[in-house]
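Chain and residue survey
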Amino acid sequence: MELYLDTANVAEVERLARIYPLAGVTTNPSIVAASKEPLWELLPRLQNAVGENGTLFAQTMSRDAAGMVAEAKRLNNALPGIIVKIPVTAEGLAAIKQLKREGIPTLGTAVYSAAQGLLAALAGAKYVAPYVNRVDAQGGNGIQMVQELQTLLALHAPQSKVLAASFKTPRQALDCLLAGCEAITLPLDVAQQMLGTPAVESAIEKFEQDWKNAFGTLNL
């Protein structure tokens, strides 16, 4: 299972990489824009923060296949090992197919249906990113969509992985993992909610108090 952070906050990536078993970092144009840092300065810093064994994802901006391919090549040349995110549109599918032939790994992003995700996988995307909470917000069932996509990839495109995205709660992320997802990417607040349960701190304080009352110290 691969756990990613969905952020462009270098300081938080460095802090959480010490704590969490991270596989890397995903970004998108909105996340990068919010950072106010130029892309070509930000990405090397993020890649350094995830370490030599981590994986970084960045997205193209062009709307046509030729532009997507050109931008993907620029990203790949500047940052070896990067996974290029391509929106799963008609032009995006064409770009994914060409990049597959050229050996540049891609993630099919902005996936709102199982059929859309399957097409991205069949076109050659290494990862497919369904938008769980955004599907829910539109009146759909994000978890059910992920379950269907996971089944379709297992049957017809086992070389591709679901990398589920767009979460508002840890429960959504856990449900995706229970559906068989091999990878998820979490915004910082959801990642920290997975660990920050108030009852844990209360339990530790009780252990400490009992130990101190018995032995007068707080060490072994």
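- The chain appears in an unreviewed UniProt entry as Fructose-6-phosphate aldolase from Trabulsiella guamensis ATCC 49490.
- The annotation that UniProt attaches to the chain under Subcellular location (unreviewed entry) is "Cytoplasm".
- The record held by UniProt for the chain lists under Function (unreviewed entry) the comment "Catalyzes the reversible formation of fructose 6-phosphate from dihydroxyacetone and D-glyceraldehyde 3-phosphate via an aldolization reaction."

So, the UniProt feature "active site" (unreviewed entry) in the chain
- The positions that UniProt labels "active site" (unreviewed entry) are, in the present scheme, Lys 85.
- Assignment of secondary structure puts Lys 85 in strand β4 (residues 83-87).
- Looking at Lys 85, the relative accessible area reads 6%, which means it is buried.
- Apart from the residues lying within four places of it in its own chain, the contact partners of Lys 85 are Thr 27, Asn 28, Phe 57, Ala 58, Gln 59, Thr 60, Leu 107 and Thr 109.
- A polar contact is formed between the side chain of Lys 85 and the backbone oxygen of Thr 27, at a distance of 2.8 Å.

What about the pairing of strand β5 (residues 106-111)?
- For β5, the buried fraction is high: 5 of the 6 residues fall into the buried class.
- Following the chain from β4 across helix α5 (residues 90-101) to the adjacent parallel β5, one finds a crossover that is right-handed.
- Judged from the 3 bridges that link them, β5 and strand β6 (residues 127-130) form a sheet pairing that is parallel. Within β6, the residue paired with Val 111 across the bridge is Pro 130.
- Tracing the backbone out of β5, into helix α6 (residues 114-123) and back to the parallel element β6 gives a crossover that is right-handed.

Observations concerning the environment of Lys 97
- Relative to the assigned elements, Lys 97 resides in helix α5.
- The class for Lys 97 is partly exposed, based on a relative accessible area of 45%.
- For the pair formed by Lys 97 and Asn 141, sequence separation is 44 residues and the distance between their alpha carbons is 29 Å.

Comments concerning the sheet that holds strand β1 (residues 2-6)
- Overall, parallel pairing links the 8 strands, which are arranged β1-β2-β3-β4-β5-β6-β7-β8 in a closed barrel. Each neighbouring strand pair of the sheet contributes to a mean axis angle of 25 degrees, computed without reference to strand direction.
- Note that β6 and strand β7 (residues 161-164) share 2 bridges and pair parallel. Each bridged residue has a counterpart across the sheet, and for Val 128 the counterpart in β7 is Val 162.

Quick word on the pairing of strand β8 (residues 183-186)
- With burial as the criterion, each face of β8 is covered, one bearing Ala 183 and Thr 185 and the other bearing Ile 184 and Leu 186.
- When β1 meets β8, the two strands line up parallel, connected through 4 bridges. Bridged to Leu 3 within β8 is Ile 184.
- Pairing of β7 with β8, which is carried by 2 bridges, proceeds in the parallel orientation. Note that in β8 the partner of Leu 163 across the bridge is Ala 183.

About the thresholds
- Residues numbered from 1 in each chain as written.
- Predicted model: local features only at pLDDT ≥ 70, side-chain atom pairs only at ≥ 80, totals over all residues.
- Heavy atoms only, no water.
- UniProt positions renumbered as here; feature names shortened; annotations may be inferred.
- Helix = DSSP H or I, 4+ residues; strand = E, 2+ residues; numbered from the N terminus.
- Buried < 20%, exposed > 50% of the residue type's maximum accessible area, 1.4 Å probe, protein only.
- Contact = heavy atoms within 4.5 Å.
- Polar contact = N/O pair within 3.5 Å; in protein donor to acceptor, adjacent residues only side chain to side chain.
- Right-handed = clockwise from strand over helix to strand, strands pointing away.
- Pairing = 2+ DSSP bridges.
- Axes fitted to C-alpha atoms, helices over the stretch in contact; angles between N-to-C directions.

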